[in-house]
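Understanding the architecture of this molecule
Listed below are the residues making up each chain.
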Amino acid sequence: MDLVLNTQSLRPPLTGIGNYTFHLLDQLAGSEDIGEVHCFDGSRWMTAEETLRSTEALRASGGLAGGRVFDRAITRLRGFAAKVPGAQSGYARIMERRFSDGMRRRRGAIYHETNYIFMPCTGPCVTTVHDLSYISHASFHPQNVIDLLESKLPETIRRADRIITDSNVVRNELLQHFAIPDEKVRTVYLGADEAYRPRTGEQTSAVLADYGLSHGQYVLLTATLEPRKGIDTLLDAWAMLPETLRRAFPLVLTGSAGWRNGGVLAKLSSLLAEGTVHYLGYVPAEVLPVLFSGAAVFTYPSVYEGFGLPVLEAMSSGVPVVCRDGTAMAEFAQGSCVLCVDGHAAELSANIEMLLNDEQVRAAWAEKGLRQARKFSWQRCAAETVAVYREVL
């Protein structure tokens, strides 16, 4: 079977959906079950090999835009369209037409939209709905994102032959919110890159030294600075810890700036001045696995996730994890993470303190997480996705 993937999510910076698209494409391009894979990057058609090479170059450069003349021209055009009234919708219509023309030349291929909303299509099609937080936690999102999903997602869901969700949490929400048959929705868990694995202090020392960090001597969170990630709760919890512990195990935050984060930035500034918190911003893809495996504890107090890939990556790195109960992370962790039941800062602080105060407890939780993480892989994700394609055919 031939496949069409919309790879717009591979534009920098590469976020969760971009990582999903990249790893799925990487696996499917080498699959014996798949013929040709055709990729549409939002403006042009590319082969799977071209798309993977381009994305690898972006990952190696820390997510910075490429230097090719065509790429620079398209970036300028998108920037122009965003500023001129009516130009953005006009640009979108041109690219939709380009996609439709390309689909007609690829008749019979299955179209998989990895980022929610279909481009115009008439053939067999599958979409991945990563979460429905725009409904359950609307206040966490910019209004333009909510408007787009409210106007476009219902038609995509109606049109789709199959819908993939990253967890049963999202699958159940989807079935409750939309009038669709149960058999139309499949849960396919994500995987962790093989680069996320346990490392010794000797193996991490060179990278950590560049950031002024020591192996096993910091608490890590990697997330976009946005409301649903629970960073404000984490900073409150951090301030409750004994100062000696905060100085012995500083908190390290990585991730892009995000939105609606004025309150988080205000709290962060005082802790940065104190010296017990380090904010590294966006970190290159090749550095992140080393940061993960060098941490004493990984904390992920996100209120809502469709899956929560950083939690699985931390588990795969042999690092104990603290996250929220009642979430997709708790679903796939299956008792191998320390869970916060009420989500309050005091509970989170107590759990972090419990792990930091006892090396043997940390090691026990790390081993639990590592065993559970071995059940998940991008190979498994791709194989289960191919099974969904077969259902469509």
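A few points on the structure. (Residues numbered from 1 in each chain as written. Predicted model: local features only at pLDDT ≥ 70, side-chain atom pairs only at ≥ 80, totals over all residues. Heavy atoms only, no water.)

This next bit is on the overall build of the chain. Across its full length, the chain carries 17 helices and 13 strands. For the chain, whose C-alpha radius of gyration is 21 Å, the value lies close to the compact-globule estimate of 21 Å for 393 residues. Over its C-alpha atoms, taken along the principal directions, the chain stretches across nearly 65 × 45 × 40 Å. Counting every position in the chain, which comprises 393 residues, the buried fraction comes to 53%. (Helix = DSSP H or I, 4+ residues; strand = E, 2+ residues; numbered from the N terminus. Rg over C-alpha atoms; globule rule 2.2 N^0.38 Å. Buried < 20%, exposed > 50% of the residue type's maximum accessible area, 1.4 Å probe, protein only.)

A regular strand places its side chains on the two faces of the sheet in alternate fashion. Across the five residues of strand β5 (residues 125–129), five count as buried, placing the element largely inside the fold. Burial along β5 is two-sided: Cys 125, Thr 127 and Val 129 and Val 126 and Thr 128, pointing in opposite directions, are all buried. Judged from the three bridges that link them, strand β4 (residues 110–113) and β5 form a sheet pairing that is parallel. Among the inter-strand pairings, His 112 is bridged to a residue of β5, identified as Val 126. (Pairing = 2+ DSSP bridges.)

The pairing of strands in a sheet happens through backbone hydrogen bonds and is either parallel or antiparallel. Within the open sheet, the seven strands sit side by side as β3-β2-β1-β4-β5-β6-β7. Their pairing is mixed. The sheet is open, and its two edges are formed by β3 (45–47) and β7 (185–187), each paired on a single side. Each adjacent strand pair in this sheet contributes to an overall mean axis angle of 25 degrees, direction not counted. (Axes fitted to C-alpha atoms, helices over the stretch in contact; angles between N-to-C directions.)

The next point concerns the packing of aromatic side chains. What the rule picks out here adds up to 13 aromatic pairs. With a centroid separation of 5.3 Å and 50 degrees between ring planes, the pair formed by Tyr 111 and Phe 118 is classed as tilted. Residue classification places Tyr 111 among the buried residues on the basis of a relative accessible area of 0%. Taking 5.0 Å as the distance between ring centres and 25 degrees as the angle between the ring planes, the aromatic pair formed by Phe 292 and Phe 298 counts as stacked. (Phe/Tyr/Trp six-rings, centres within 6.5 Å; stacked < 30°, edge-to-face > 60°.)

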